[in-house]
Structure formats: C-alpha cells, structure tokens
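Here is how the chains run, residue by residue.
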Amino acid sequence: MAMDLSSIIAGQPRSSGHPPRTNRNPARLDEVVAEIDLGDADTVVAACEAARDAQSAWAATPAPRRGRVVQQIGRLVEANKADLARLITAEIGKPYVEALGEVQEVIDTCDFFLGEGRRLYGQTVPSEMPDKQLFTYRMPVGVTMIITAGNFPVAVPSWYLIPALLCGNTAVWKPAEYAAAVGHALYELCAHGGLPPGVLNVVLAGGEQTFSGLERALDAGLVDKVGFTGSTAVGERIGALCGRHLQQPCLELGGKNPMVVMDDADLDLAVEGALFSGFGTAGQRCTSLGTAIVHADVHDTFLDRFVSATEQAAIGDPTQAVLYGPMLHERFAERFEEWLGLIDVHHEVSGSTATGRITAAHPRKNFVGDPTAGIFYHPTIVAGVRADDELYRTETFGPMVGVMACRDLEEAIGLANGHGYGLSSAIYTTDPRNVFRFRERISAGMLSVNNSTSGAEAHLPFGGNGRSGNGSRLSGQWVLDQFTRWQSVNWDYAGRLQKAQMDVEDVPADLGFRLER
C-alpha cells in the first residue's frame, strides 16, 4: 500500500495543500511507492525557523548524551536493515544486495560517531607568558541545511546528518523527491532514536522551491551551514549563494572518474573493477567509472575482456542477483538519452545487443525479469574516446563507460586530470613506482590502487576537488571541521595585563660565540 508523505517540521507533518507527486517503483512502474505532498519555499523557511528554535537546547545537551542518541539511531537502523533496504530497492531500483550494503554504511557511520560524543577534543596550548593558559574548543556551527541526491538515499545523508547532530547542530534535510519514502523512513528511525522535535526537520520540495527557500533563510540569518550532494551545475549556484553570506558550503559534486590500467596490471582484476564501478547502480554514482585509460600494449586485450564480461552480466529485476537494475527515475533516463548522443562516428560501441532503453524491440541478452515493466537501459562501452571529445569531459550519469588508450603513465595522468573533475580515481598496476607517481599527481580527492573507483569506507575522508567539489570532506574525523568552528580561549590569571608579543621575556644568549679552531 502506497504511503502518503509530507514534510516534517518540529516533529509534525506539514501539509502544503498542493497536488501530490506520485513516486513509482522504477523497476515496476505500475507499483506506486508513495504519494508525496511537496512543500514550497515557505516550507523551507518554516523548517529553518524550527531548527533555529531547537538549536540552543540541543547544543546544551552534553555531547556524550548526543552520542548516545547516535548509538540508538544506529541500533534502530541495524534492527530495520532488511526493511529499509527493501524500501530502497522499491523506490529507486537499487539491487537489494547493494541496498543492504548502503544501509550498513549508515550503521558504520553511527558506530564511528557514537564515541565522538566523548571526544570532540579541543587542546590545551602552552602560553608564551607566565600565569596564562590557552585552550581551544569545538563549537557547533548552528543550523545546517542538508540537500542530498537520491542515488544513495540513506548513506550519503548519514555522512552529513550524523556528525552534524552529534556536534550539537540542528538540521533541515531536503532529500531527493524521488527518494522521499526512504527519506521519511530514515527520519522515523532518527526520531525514535531519541532526537527531540525540531532537531531534525525534513522538507519534501522541488529543487527550485528549495533554492528559493534557502535564499530566504540565509537572508534571514536562519542557516549557518549548507551541505549539498548533487550536480556540479547546482553546486555552483549554491556556492555562489552561500558566498554572498560569507559561508563556505560543503559541496560533494559530480565526477568523471578515471581508471588507469597499466601494462603490468592484472587485467582480470581490472575488468572486474571496471564492471562494478562502471555499471553498478546503473552507472548512477558520483564515483562511477567515467573513462578507462588503458596502456596501448594491453588495450585490446582489456577491451575484449571488458566487453565479454559486460555482455554476460545479468541486468534487470533489482530483487534478483543482477549487476544493476533500472534508472533511478524517468528524468535520469531522459538525460541519459541526451548523453548517448555524444557518441560520435569515430567511436566503437559495444557491451550489449543494442543501446538505449531495453524494450521488446531492443532486447538485452541475460536480462532478468520483464524489461517493459521498468526503466532499464543497455550497458554501453564506448571505445576510441579522445581528449577532444565532449564525451571525455562530460559526466554521463548512467550505464556508459568510455575507453581510451595511452602510451605511458605520463600521458595517462594527463588524461586522468584533463577534464577538470577531481572526485575519485583508480590505477591498476603491480609496480609501486607507478602507484606513487600517480598518487603524487592525480587531482582527485580519492585514489584506489587495484580497486574500483567506487566503494568508500565510512571512516575515510570523502570528497573531491575542481569540478567535483570545493575541497570539503565528509566522513571520519575530517567531517568534524564542516560542522564545528574552533573557539580559542586565553585565560590570564597574572593579575595584570600581559600583551602578547610585547611582554614576552627574551632569552639571553651569546650569539657571537664561535668554537675555537
């Protein structure tokens, strides 16, 4: 039975009065998952006001108690792991095994941060003057506005929300509209974990309405930090908006992630990595493989094996054992059709029995289920990609992987950096010299060696550079710098004014001394 959902502000549903949006299972379009009451800019502002009202009391809650809430959220997610994974599969079409892994990442994130409530360490620092003590403290930033995509509808939000809440901030979370049911489920688990009303608020709204509401909330001084995961184009708009208020948002944007395959690589391992990172989640990850850059000496062998593995892969019903399921939503299918238009006459296309949407007229060998029931697309390998191709420098959010040749590591690094994205990267080689040289010069924020471009662990920094982000990092201890501000304290008990740099006693020394020869 379909759910009726709306925004939640200060613990209460907020009706907008607008006609509902229908969310359908992208693998079974005749199955309605939820009816969504989408809010508007006023909803965003109201949620930010509720978060502001709740922030002082939440920040005053001892950090170990906030950590206890995080612990309880983690245990609730763990207890509901299978049901939450099934909802992810139903609403966005992610294969169930992958969905289980995504839910586990939420659990891992909670496990990491539950103890941070007993740390959140500051420092005691030596003073240059007597009778004076120096300290540093981490302070919450205040109200956070978190806007996330729906390809990882619980894992990525947890990277923002769990540390933000642990640090004493309140949050307004805008999940993707097409993953609203999953967002509502995660909210319920957080609320039942012990969060007071108003500490976490959920806004269900379209992109432009959210942007308008965020602009008003920033103008009114209701938001202190913005976190955004999504496209580079939208990230640029949010960055400009926050910059007007001298705020630095946390931006996790798109990628055109390269995988370099050297002539000494284990090619079977490289093919396995390319298959998973290129076509897992139907290529709809920010860390999906964009282009395999393969040494000329092994290019043809790699390509043959990659094509064979892709042709043999099972695709289809995400409740079954498949490499990938449907597109997340029709809007992504429409965009992917545009990106297929980037294939040029000099490219060689392979990987399936056709390109584009899988239909009865354009079937896919090894398809599992009914292709006409959902939004399924053929995997597409495009060989012969060149550095002057638009395909080389465009993120193609869907099941398409480019392949290009390189002469040596020097050329490979140039091609890996040349498109301006800098999120994830990989190199397959057995030579440590290749690894270290690649690591020194790759522009990506993340690098895998003999592993795929996808697969972040919950306690490592996640984020990109260039067109992939502004250098901010999520996950692990590094994300604390996004959701806290350093406060410096100096406590002088000398009973007189001591002026730094001016009242410091000098150290007598005979600097003219020389050893006798």
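Shown above is the structure to which this text applies.
The present account deals with the structure reproduced in this document.

What counts and what doesn't
- Residues numbered from 1 in each chain as written.
- Predicted model: local features only at pLDDT ≥ 70, side-chain atom pairs only at ≥ 80, totals over all residues.
- Heavy atoms only, no water.
- Helix = DSSP H or I, 4+ residues; strand = E, 2+ residues; numbered from the N terminus.
- Rg over C-alpha atoms; globule rule 2.2 N^0.38 Å.
- Buried < 20%, exposed > 50% of the residue type's maximum accessible area, 1.4 Å probe, protein only.
- Core = buried A, V, L, I, M, F, W, Y, C linked by side-chain atoms within 4.5 Å.
- Contact = heavy atoms within 4.5 Å.
- Pairing = 2+ DSSP bridges.
- Axes fitted to C-alpha atoms, helices over the stretch in contact; angles between N-to-C directions.
- Disulfide = S-S within 2.5 Å.
- Polar contact = N/O pair within 3.5 Å; in protein donor to acceptor, adjacent residues only side chain to side chain.
- Phe/Tyr/Trp six-rings, centres within 6.5 Å; stacked < 30°, edge-to-face > 60°.
- Lys NZ or Arg CZ within 6 Å of the ring centre and 35° of its normal.
- Salt bridge = Lys/Arg side-chain N within 4 Å of Asp/Glu carboxyl O.
- Expected span 1.5 Å × (residues − 1).
- Arc of directions from axis to C-beta.
- Parallel < 35°, antiparallel > 145°, perpendicular 65-115°, else oblique.
- Nonpolar A, V, L, I, M, F, W, Y, C, P; charged D, E, K, R; others polar.

**A word on the overall build of the chain**
A tally of helices and strands in the chain yields 15 helices and 23 strands. In terms of overall size, the chain behaves like a compact globule, its C-alpha atoms giving a radius of gyration of 26 Å where 517 residues would be expected to give roughly 24 Å. Principal-axis analysis of the C-alpha atoms places the extent of the chain at approximately 90 × 80 × 40 Å. Per-residue burial for the chain yields a buried fraction of 56% across its 517 residues.

**Some thoughts on the nonpolar core**
The biggest cluster of nonpolar side chains holds 127 residues, and the ones touching the most others in it are Leu195, Phe302 and Phe306. For this core, the leading source of residues is helix H5 (residues 155–166), giving nine residues. Once residues lying within four places of it in the same chain are set aside, the contact partners of leucine 195 are Trp58, Val69, Ile73, Leu165, Cys190 and Leu200. With 27 residues, the next largest nonpolar core counts Val45, Ile147, Phe228 and Cys242 among its residues.

**Topic: unusual backbone geometry**
We note that asparagine 450 has phi near 55°; this positive angle belongs to a residue other than glycine. Counting through the fold element by element, asparagine 450 comes out in the loop between strand E21 (446–449) and strand E22 (465–466). One non-glycine residue, serine 475, lies in positive phi territory at about 75°. In this structure, serine 475 sits in the loop between E22 and helix H15 (480–483).

**Some remarks on the environment of tryptophan 491**
Mapped onto the elements, tryptophan 491 comes out in strand E23 (residues 484–492). As a C-alpha pair, tryptophan 491 and aspartate 131 span 360 residues in sequence and 8.5 Å in three-dimensional space. For tryptophan 491, the contacting residues outside a window of four places in its chain are Asp131, Lys132, Gln133 and Phe135.

**Section: the sheet that holds strand E6 (residues 132–140)**
Here three strands make up an open sheet; going across it, the order is E5-E6-E23 and the pairing antiparallel. Looking along the sheet, the strands with just one partner apiece sit at the ends: strand E5 (123–125) and E23. With strand direction ignored, the average angle separating the axes of adjacent strands in the sheet is 25°.

**Considerations on the state of the cysteines**
Under the criterion given, the structure shown has zero disulfides. Considering cysteine sulfurs only, cysteine 242 is the nearest to cysteine 48, which forms no disulfide, with 12 Å between them. In this structure cysteine 48 comes out as buried when scored by relative accessible area, which is 0%. Unpaired in this structure, cysteine 286 has its nearest cysteine sulfur neighbour in cysteine 250, at a distance of 12 Å. A relative accessible area of 13% places cysteine 286 in the buried class.

**Overview of the side chain of serine 424**
Secondary-structure assignment places serine 424 in strand E20 (residues 424–428). Serine 424 sits in the buried class, given a relative accessible area of 4%. Here threonine 453 takes part through its backbone oxygen, which lies 2.6 Å from a polar atom of the side chain of serine 424. The contact partners of serine 424, leaving out residues within four places of it in the chain, are Asn257, Pro258, Thr287, Ala444, Met446 and Thr453.

**Re the packing of aromatic side chains**
Centre distance and the angle of the planes are the two values used to describe a pair of aromatic rings. In total, this model carries 10 aromatic pairs according to the counting rule given. Note on tryptophan 159 and phenylalanine 462: the rings are 4.6 Å apart at their centroids and 50° apart in plane angle, and the pair reads as tilted. Note that tryptophan 159 is positioned in helix H5 and phenylalanine 462 in the loop between E21 and E22, a separation of 303 residues in sequence. Residue classification places tryptophan 159 among the buried residues on the basis of a relative accessible area of 5%. A relative accessible area of 5% means that phenylalanine 462 is categorised as buried. Pairing phenylalanine 367 with phenylalanine 376 gives two aromatic rings, centres 5.0 Å apart and planes at 85°, and the pair type is edge-to-face. Per residue, the accessibility class of phenylalanine 367 equals that of phenylalanine 376, and both read buried. Through a chain of ring-to-ring contacts, the aromatic side chains of Phe279, Phe302, Phe306 and Tyr324 assemble into a single cluster. Cation over ring: lysine 94 sits above phenylalanine 152, and NZ or CZ is 3.6 Å from the ring centre. Over the ring of phenylalanine 276 we find arginine 285, and its NZ or CZ is 4.4 Å from the ring centre.

**A word on the pattern of salt bridges**
Counted under the stated rule, the structure contains 22 salt bridges. Here lysine 499 makes a salt bridge to aspartate 503, at a shortest N to O gap of 3.4 Å. What makes lysine 499 partly exposed here is its relative accessible area of 34%. Here aspartate 503 falls in the partly exposed class, since its relative accessible area comes to 28%. Through salt bridges with shared partners, a single network forms among Arg75, Glu78 and Asp111.

**Some details on helix H10 (residues 299–312)**
The first and last C-alpha atoms of H10 sit 20 Å apart over 14 residues, in line with the 20 Å expected at 1.5 Å per residue. All buried positions along H10 are accounted for by His299, Phe302, Leu303, Phe306, Val307 and Thr310. With its buried residues spanning 130° around the axis, H10 presents them on a single face. Exposed side of H10, more than 90 degrees from the buried face: Asp300, Asp304 and Gln312 are the residues found there. Close packing links the buried residues of H10 with strand E12 (257–261), helix H9 (267–279), strand E13 (289–295), strand E15 (348–350), strand E17 (380–383) and strand E18 (400–406).

**Here's the deal with the packing of helix H2 (residues 63–79) against H5**
H5 packs onto H2 with a crossing angle of 150° between their chain directions and a minimal axis gap of 9 Å. It follows that H2 is roughly antiparallel to H5 by the angle criterion. Residues Ala63, Arg66, Gly67, Val70 and Ile73 of H2 pack against Ile162, Leu165 and Leu166 of H5. Residues that form the contact of H2 with H5 fall into these classes: six nonpolar, one polar and one charged.

**Description of the sheet that holds E21**
Here seven strands make up an open sheet; going across it, the order is E15-E17-E18-E13-E12-E20-E21 and the pairing mixed. Two strands in the sheet have a free side with no partner beyond their single neighbour: E15 and E21. The sheet shows a mean angle of 20° between the axes of neighbouring strands, taken without regard to direction. Summarising the sheet, E12 and E20 pair through three bridges and their orientation is parallel. The residue of E20 that forms the bridge with valine 260 is isoleucine 427. The sheet contacts of helix H13 (residues 409–417) involve E12, E13, E18 and E20, and relative to E18 the element is tilted by about 145°.

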